[in-house]
Number of protein chains: 2
Amino acid sequence: MLMASEAPTSAASGGLDAAAKKTLLRKIPHGLFICGVAEGDTINGFTASWVTQGSFEPPLVVMAVRADSTSNGIIQRTRRFSLNVLAADQKDLAAVFFKPQNGIGGRFDAAPYSLGALGLPILEAALGAVECELVGEVVHGDHTVFVAEVKTAVLHRDGAALELGPTGWQYGG
Amino acid sequence: MLMASEAPTSAASGGLDAAAKKTLLRKIPHGLFICGVAEGDTINGFTASWVTQGSFEPPLVVMAVRADSTSNGIIQRTRRFSLNVLAADQKDLAAVFFKPQNGIGGRFDAAPYSLGALGLPILEAALGAVECELVGEVVHGDHTVFVAEVKTAVLHRDGAALELGPTGWQYGG
């Protein structure tokens, strides 16, 4: 997740008011999560922001991931990912994972993790995490939209979650 | 959108800790939007909460809509919807649209609208709205996950948008 990323105004946009579009899309509330993936001996973690719930039953979450990222390929091949919910005071931890982190020996440089029942990294410092299995995806834009069923959930502690708005960062538009 | 809706714990959940799952999913930030649909002479509006961005280029939004709703069928057939961004002080307007509203003669009971370039209702009272065309969908749970490209955007005025958290309402888990 590159916070500075900014899509150029597309010539193909036609009649779209790009400034109005950007202003309105930035009003969609987003959080900041650490998504974890695993393939063989490779464990990666990266910051994800474009997340929403997708169904109560079965419980589905939706997450958009940069199409050109290594972790995107891992999710497409392994059909699973973890989503770690950060606490409101863990902005610095989210920032570390803007650059995807490689996990070795049960820890990322910035934070230790355990492996959940599905073999995905669960950050010990997070409020908790869910592990999810893909049920569908939409491959169309510069991010892939993954829809996945929550299969496991671990709550370490309760508390307010980190949200994008109060950080002053932008990722949207 | 039924705020009281609550999925029963599924016997199929197996090892899933349903309480942890609910607690964690409710920490995903969500907004409150009025989604508009149109089919022939039928104009509907309803409150949508499960919305996220899905791509910068092309600009995609993702929205989950109750699978058993009339508007869901309209979106699937017409392949388009509008998304109206409410102001932070328009909680009452969002509440009106928990029960889907029928539009007649350029107004819902609670609010007048105009029709955008794609023929979809744009609430005059909202901060603004985008009109979107479907590029994909995932039909799997009790909500359909729609992925759609933003084709038009109208900003009436700037301001803070209505978010679910501060209302005290819950829709998630």
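It should be noted that the structure appears before, not after, this text.
Residues numbered from 1 in each chain as written. Chains lettered and ligands numbered in written order. Predicted model: local features only at pLDDT ≥ 70, side-chain atom pairs only at ≥ 80, totals over all residues.

Q: Tell me about the relation of the copies chain B and chain A, residues and numbers included.
A: One copy of the chain maps onto the other through a rotation about an axis plus a displacement along that axis. Expressed as a screw operation, the relation of chain B to chain A combines 0.0 Å of axial shift with a rotation of 180°, fitting to an RMSD of 0.0 Å. The symmetry that links the two subunits is that of a two-fold axis. Counting the interface residues of chain B, we find that 100% of their copies in chain A are interface residues as well, pointing to one common contact surface. (Least-squares fit on C-alpha atoms with pLDDT ≥ 70 in both. Contact = placed C-beta atoms within 7 Å.)

Q: Mind laying out helix 1 (residues 18–25) of chain B, listing which residues take part and the relevant values?
A: For helix 1 of chain B, the complete set of buried residues consists of K21, L24 and L25 of chain B. An end-on view of helix 1 of chain B places all buried positions within 95° of arc, on one side of the element. Against the buried residues of helix 1 of chain B lie strand 3 (51–55), strand 5 (80–85), strand 10 (128–139) and strand 11 (143–155) of chain A. (Buried ≥ 20, exposed ≤ 12 C-beta atoms within 10 Å, placed from the backbone. Helix = DSSP H or I, 4+ residues; strand = E, 2+ residues; numbered from the N terminus. Arc of directions from axis to C-beta.)

Q: Mind laying out the sheet that holds strand 11 of chain A, listing which residues take part and the relevant values?
A: Two pairing modes exist for strands in a sheet, parallel and antiparallel, and in both the strands are linked by backbone hydrogen bonds. A sheet is described by the order of its strands in space; here 8 strands give the open sequence 3-4-11-10-5-1-2-6 (chain A), paired in antiparallel fashion. Two strands lie at the open edges of the sheet, namely strand 3 and strand 6 (101–103) of chain A, each paired on one side alone. Here the strands of the sheet are splayed against their neighbours by 35° on average, with no regard to which way each runs. Summarising the sheet, strand 4 (residues 60–66) of chain A and strand 11 of chain A pair through 7 bridges and their orientation is antiparallel. Bridging across to strand 11 of chain A, A64 of chain A finds its partner in V145 of chain A. Against the sheet, helix 2 (residues 70–78) of chain A contacts strand 1 (33–39), strand 2 (42–48), strand 4, strand 5 and strand 11 of chain A, and its axis sits at roughly 60° relative to strand 1 of chain A. Running at roughly 135° to strand 11 of chain A, helix 1 of chain B makes contact with strand 3, strand 5, strand 10 and strand 11 of chain A of the sheet. (Pairing = 2+ DSSP bridges. Axes fitted to C-alpha atoms, helices over the stretch in contact; angles between N-to-C directions.)

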